Amino acid sequence: MWRDASTWAAEALAVFAKEWRCEFRTRYALNTLGLFAFTTLVVVSVSLGPVGVSTSRGTAVLPVLLWVILLFSAAAGLPRAFVQEEETQTATALRLAATPSALFCGKLLYGLTLTFALEILVTPVFVAMTSLDVKSPGLLAAVLAAGGFGLAAGSTLVAAIIAQARSKGTLFSVMAFPVLLPLLLIAVELSRGAVAGDPAGVALLQLLLYDASVTVAGFMLFPVVWNP
Amino acid sequence: MEPLKKLLAGLLWLWMSAVIAGAFLYAPLARGFIGQSSRILFFHVPMAWVSFVAFIAAGIWSLRFLYGGRQPRHDRAAAAAVELGLTFGVLATVTGALWARVMWGAYWNWDPRQTSIVVALLFYGAYLALRSSLEDRDQRARLSAAYAVLGLVVAPFLFFIMPRIMFSLHPQSVINAQGKVEMEPRMVQVLLAGSAGATALFFWIHNLQCRLAALLERNSAPLE
Amino acid sequence: MPAPRLRFANVRRRFGRLAVLNGVSGAVGPGEMLLVTGPNGSGKSTLLRCLAGLLAPDAGTIEYREDEGDPAVDAASRRKLAGTVSPDLAFYAELSVAENLAFFARLRRTPPDRGLAVLDRLGLPLDRPAGALSSGMRQRLRWAWALLHAPRLLLLDEPFQNFDAPGERAARELLAEHLAAGGLAVVANPSTLEFADVAGRLDLGR
Amino acid sequence: MVTGGIGWVVAVNLIIWTGLFLYLLRLGTRVRDLEKKS
């Protein structure tokens, strides 16, 4: 029977591949999102630039700004994954063909890779522009990974919910930020620790716990959100 | 059935009256607080507790809606619980700010506990925003239920886990000792009694609100 | 009369105050076609969306069995099993026709060649982006997409819309072959369709 | 704060609480009547 022609994973990977193939054809995320991230980055560092930031205040302020840039860039790019499906009406064909959990997994993988791409793009430039000297870059990378994972997981589920509502843009920020704020507050604290060279406390574990619970909630709730 | 309800109502009146009297006359003042200001705890904490109970109840009603036959009454119950949770949440925030004003001269200092309750209010405010932006009744019920169930992950994290993380990450930023207030037995009794009474009050008001919502829906729905 | 594989009984669906479906019933057996007619807005598309599992009815039952003794499948399986053609089906504009079919074939967990074979019969350039297709071409792509996984149940909402003569002839052949092979079909069309063997008719006109 | 003051505060609170309580009771009866009617 065709049912076992390919597994659940192949379906998820097909969705993931489709997202990036469409992305390379339109270059939407790479262009607008990349530019969005850099404009916020420039605005931030220009405002700090001439005055400069003393190292002590720097370690307090700069991690906050980094995560603000990442949050807003992700919030600009991630909802598109579902909003566009509803707007171009491709959602109907997708609803009929795809297994919900595989679809969510594919979209989540796309969100993750997009967020990590953003982080890899923005962070080095941010560190260079603000001449931030990071004592333990390894920890910073770990925090970026865990924080980025949470950003993508939370945003993907909320995007699926608002895609079927009217005022999508504003609704996404209103609904996503309270979910992402706890994650961000911890990520900012850990990033400060990374810059200052403190060891990662239990907070990194709690960050991963939050990531895991949001992801599990995502997989459990997505079928209910996606189907009638 | 009627007399039992009257009896229960009377009992609740008596119970809460005792709590109010106890808060001012029976319970001692907590050490290290200015004047009588620590007494606000007997009202602030129950309100914060009830708003947490309301948000969890909303999540549970949403689960019952989603996986229990998609009955509209569960959706109405969840929405009513969120509305009440927000009301108690705002009251808790205001009493918390008043108390912070007395203790440290500032209504707001983004103390970890203040941060988490505000973010919770933002989350459930977004729940109401979502409900108002969806016209189709079934879609509104289904999508808001999903968000409320997500709240079952977010709310406990906000109310309990995040403050601890922020306290541990920032020992020196602990501006108030609320995190570690030494409670004498009498204070604990009044606090628990107040929380229990407030929870009963919540379910009473919630019951009335659900029945009202049901009436509204029945009158507005076209006759079959 | 062969045992019906698809049976729906007093399906109701309301949108706000508008009761679109008021207790609609019907049954379709293997090799049979049910023709649903009625003026625009009479609920034809709503009924088909309910049958396809895209819309949950307020009341009523929908039962579909793939084979004789099978238990009735739930809406989620019906979504995956049925082949649907409807005007609001759209595809990824930036992907080519072939890429669209390949993508949905992997979702349907089936090789894409059946869809490509249908496209040959209907005549559609494979490498043109789906966004650059005329409405007639898009309708052919919908047919190829619907027949991709050799469904036994076809749900066709205004299936011959935008077709030119050759397109419609080819599509009618595909439908006839589907029915001859024992497949089921529910076709919704505003006006009655002259069609070889229409087993049942359901007029939703008031 | 002379203890008399505390007494006043308690009295005011009790009055507010009783007012809310009676309001809820009245609301309850009105809802019951509406439910009986429709």
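Residues numbered from 1 in each chain as written. Chains lettered and ligands numbered in written order. Predicted model: local features only at pLDDT ≥ 70, side-chain atom pairs only at ≥ 80, totals over all residues. Heavy atoms only, no water.

## A closer look at the overall build of chain D
For step 1, the next point in the chain: Helix and strand content of chain D: one helix and zero strands.
For step 2, the next point in the chain: Dimensions of chain D, computed from the C-alpha atoms along their principal axes, are close to 55 × 5 × 5 Å.
For step 3, the next point in the chain: Put simply, chain D shows about 2,700 Å² of open surface, and 73% of that area lies on carbon and sulfur atoms. (Helix = DSSP H or I, 4+ residues; strand = E, 2+ residues; numbered from the N terminus. Areas by Shrake-Rupley, 256 points an atom, 1.4 Å probe, with all protein chains shown as cover.)

## Comments concerning the interface of chain D and chain B
For step 1, the next point in the chain: Tallying the contact residues gives 19 residues for chain D and 21 residues for chain B.
For step 2, the next point in the chain: Glu 35 of chain D is paired through a salt bridge with Arg 211 of chain B; the nearest N and O atoms lie 3.0 Å apart.
For step 3, the next point in the chain: Where chain D touches chain B, the interface holds four residue pairs in polar contact (both at pLDDT 80 or more).
For step 4, the next point in the chain: For the side of chain D that touches chain B, a count of residues per class yields 13 nonpolar, four polar and two charged. (Contact = heavy atoms within 4.5 Å. Salt bridge = Lys/Arg side-chain N within 4 Å of Asp/Glu carboxyl O. Polar contact = N/O pair within 3.5 Å; in protein donor to acceptor, adjacent residues only side chain to side chain. Nonpolar A, V, L, I, M, F, W, Y, C, P; charged D, E, K, R; others polar.)

## A short note on the packing of helix α8 (residues 168-196) of chain A against helix α9 (residues 203-226) of chain A
Residue and element names in this part refer to chain A.
For step 1, the next point in the chain: Contact geometry for α8 and α9: axes closest at 10 Å, N-to-C directions at 155°. Judged on the interaxial angle alone, α9 and α8 are roughly antiparallel. Considering only the axes of α8 and α9, their crossing is left-handed. Within the contact between the two elements, α8 uses Val 179, Pro 182, Leu 183, Ile 186 and Leu 190 and α9 uses Ala 203, Leu 204, Leu 207, Tyr 210 and Asp 211.
For step 2, the next point in the chain: Split into classes, the residues belonging to the contact of α8 with α9 amount to nine nonpolar, no polar and one charged. (Axes fitted to C-alpha atoms, helices over the stretch in contact; angles between N-to-C directions. Parallel < 35°, antiparallel > 145°, perpendicular 65-115°, else oblique. Left-handed = near helix turned anticlockwise from the far one by under 90°.)

## A closer look at the confidence of the model for chain B
For step 1, the next point in the chain: Per-chain confidence: chain B averages 87 in pLDDT, with 91% of residues scoring 70 or above.
For step 2, the next point in the chain: Across residues 173-178 of chain B, confidence stays below pLDDT 50; counting only partners more than four residues off in sequence or on other chains, it has ten contacts. (pLDDT = per-residue confidence, 0-100.)

## Let's talk about the environment of Thr 99 of chain A
For step 1, the next point in the chain: As for its placement among the helices and strands, Thr 99 of chain A is situated in the loop between α5 (90-97) and α6 (100-129).
For step 2, the next point in the chain: A residue is classified by how much of its surface remains accessible, and Thr 99 of chain A, at 18% relative accessible area, is buried.
For step 3, the next point in the chain: Sequence spacing of Thr 99 of chain A and Glu 11 of chain A is 88 residues, and the spatial spacing of their C-alpha atoms is 7.8 Å.
For step 4, the next point in the chain: The residues touching Thr 99 of chain A, leaving out its near neighbours within four places in the chain, are Trp 8 and Glu 11 of chain A together with Lys 80 and Arg 109 of chain C.
For step 5, the next point in the chain: In this structure the side chain of Thr 99 of chain A is engaged in a polar contact, spanning 3.5 Å, whose partner is the side chain of Arg 109 of chain C. (Buried < 20%, exposed > 50% of the residue type's maximum accessible area, 1.4 Å probe, protein only.)

## What to know about the sheet that holds strand β7 (residues 184-188) of chain C
All names here are of chain C.
For step 1, the next point in the chain: In spatial order, the strands read β5-β6-β7-β3-β8; together these five strands make up an open sheet with parallel pairing. Both edges of this open sheet fall to β5 (83-85) and β8 (200-203), since each of them pairs with a single strand only. On average, adjacent strands in this sheet sit at an angle of 10° to one another, irrespective of strand direction.
For step 2, the next point in the chain: Looking at chain direction, strand β3 (residues 33-37) and β8 are connected through four bridges and run parallel. Of the residues in β8, the one forming a bridge with Leu 34 is Gly 200.
For step 3, the next point in the chain: Packed on one face of the sheet, helix α1 (residues 44-52) meets β3, β5, β6 (153-157), β7 and β8 and runs near 155° to β6. (Pairing = 2+ DSSP bridges.)

## As for the side chain of Glu 19 of chain A
For step 1, the next point in the chain: Following the sequence through the fold, Glu 19 of chain A ends up in helix α1 (residues 8-26).
For step 2, the next point in the chain: Ignoring anything within four residues of it in the chain, the contact list for Glu 19 of chain A reads Ala 81, Glu 85, Lys 107 and Tyr 110 of chain A.

## Looking at helix α7 (residues 137-162) of chain A
For step 1, the next point in the chain: An ideal rise of 1.5 Å per residue puts 38 Å on 26 residues; α7 of chain A measures up with 36 Å between its terminal C-alpha atoms.
For step 2, the next point in the chain: Within α7 of chain A, 20 of the 26 residues are buried, leaving the element largely enclosed by the surrounding structure. (Expected span 1.5 Å × (residues − 1).)

## Let's talk about the arrangement of the chains
For step 1, the next point in the chain: The two partners chain A and chain D share no contact, and the minimum distance between any of their C-alpha atoms is 32 Å.
For step 2, the next point in the chain: Note that chain C does not reach chain D: the shortest distance linking a C-alpha of one to a C-alpha of the other is 20 Å.

## With respect to the nonpolar core
For step 1, the next point in the chain: Counting 211 residues, the largest nonpolar core has Tyr 147 of chain B together with Leu 6, Phe 8, Phe 104, Trp 143, Trp 145 and Leu 175 of chain C as the members making the most contacts within it.
For step 2, the next point in the chain: Sort the elements by how many residues they give to this core and helix α5 (residues 137-169) of chain B lands first, with 15 residues.
For step 3, the next point in the chain: Those residues in contact with Leu 175 of chain C that lie beyond four places of it in its chain are Met 33, Trp 143, Leu 154, Leu 156, Phe 160, Ala 185, Val 187 and Phe 195 of chain C.
For step 4, the next point in the chain: Core analysis: the second largest hydrophobic core is formed by 14 residues, Phe 33, Met 103 and Leu 191 of chain B together with Val 10 of chain D among them. (Core = buried A, V, L, I, M, F, W, Y, C linked by side-chain atoms within 4.5 Å.)

## With respect to the sheet that holds strand β1 (residues 6-15) of chain C
Residues and elements named next belong to chain C.
For step 1, the next point in the chain: Across the sheet, which stays open at both edges, the three strands sit in the order β2-β1-β4 with antiparallel pairing between neighbours. Each end of this open sheet is capped by a strand with a single partner; those strands are β2 (18-28) and β4 (59-64). Shown here is a sheet whose adjacent strand axes are inclined to one another by a mean of 20°, direction ignored.

## Considering the interface of chain A and chain C
For step 1, the next point in the chain: Listed by partner, the interface residues are 30 residues for chain A and 27 residues for chain C.
For step 2, the next point in the chain: At the boundary of chain A with chain C, total buried surface from both sides reaches about 2,700 Å², with 64% on carbon and sulfur atoms.
For step 3, the next point in the chain: In this structure, the connection of chain A to chain C is made through three salt bridges.
For step 4, the next point in the chain: Ionic pairing is found between Glu 99 of chain C and Arg 25 of chain A, a salt bridge with its closest N-O pair at 2.6 Å.
For step 5, the next point in the chain: If you list the elements that add at least two residues to the side of chain A that touches chain C, you get α1 and α5 of chain A.
For step 6, the next point in the chain: Top element by residues in the side of chain A that touches chain C is α1 of chain A. It accounts for eleven residues.
For step 7, the next point in the chain: Classifying every residue of the side of chain A that touches chain C gives 14 nonpolar, nine polar and seven charged. (Buried area = accessible area lost by both parts, 1.4 Å probe.)

## Considerations on the packing of aromatic side chains
For step 1, the next point in the chain: As enumerated under the stated definition, the model contains 28 aromatic pairs over all chains in all.
For step 2, the next point in the chain: The interplanar angle of 40° and the centroid separation of 5.4 Å between the aromatic rings of Phe 82 of chain A and Phe 222 of chain A together place this pair among those described as tilted. Placement of the pair is Phe 82 of chain A in helix α4 (residues 80-87) and Phe 222 of chain A in helix α9, with a sequence separation of 140 residues.
For step 3, the next point in the chain: Relative accessible area serves as the criterion here: at 2%, Phe 82 of chain A is assigned to the buried category.
For step 4, the next point in the chain: Looking at Phe 222 of chain A, the relative accessible area reads 0%, which means it is buried.
For step 5, the next point in the chain: Ring centres of Trp 204 of chain B and Phe 21 of chain D lie 5.6 Å apart, and the angle between their planes is 65°; on these two criteria the pair is classed as edge-to-face. (Phe/Tyr/Trp six-rings, centres within 6.5 Å; stacked < 30°, edge-to-face > 60°.)

## Points about unusual backbone geometry
Peptide bonds are, in most cases, trans, and in most cases residues other than glycine have a negative phi.
Residues and elements named next belong to chain C.
For step 1, the next point in the chain: The backbone of Arg 109 sits at a positive phi, close to 55°, despite the residue not being glycine.
For step 2, the next point in the chain: Within the secondary structure layout, Arg 109 lies in the loop between α3 (97-107) and α4 (113-122).
For step 3, the next point in the chain: Given a relative accessible area of 14%, Arg 109 falls into the buried group.
For step 4, the next point in the chain: The phi dihedral of Asn 162 is positive, around 70°, even though this residue is not glycine.

## Some words on the environment of Pro 3 of chain B
For step 1, the next point in the chain: In this fold, Pro 3 of chain B is placed in helix α1 (residues 2-26).
For step 2, the next point in the chain: A C-alpha to C-alpha distance of 27 Å links Pro 3 of chain B and Ala 81 of chain B, two positions 78 residues apart in sequence.

## Let's talk about α1 of chain C
For step 1, the next point in the chain: When you tally the buried positions in α1 of chain C, you get seven out of nine residues, the bulk of the element.
For step 2, the next point in the chain: Looking one or two places after α1 of chain C, you find Gly 53 of chain C, whose phi comes out positive at around 90°.

## So, the pairing of β1 of chain C
For step 1, the next point in the chain: Note that β1 of chain C and β2 of chain C share eight bridges and pair antiparallel. Note on β2 of chain C: the bridge partner recorded for Phe 8 of chain C is Gly 26 of chain C.

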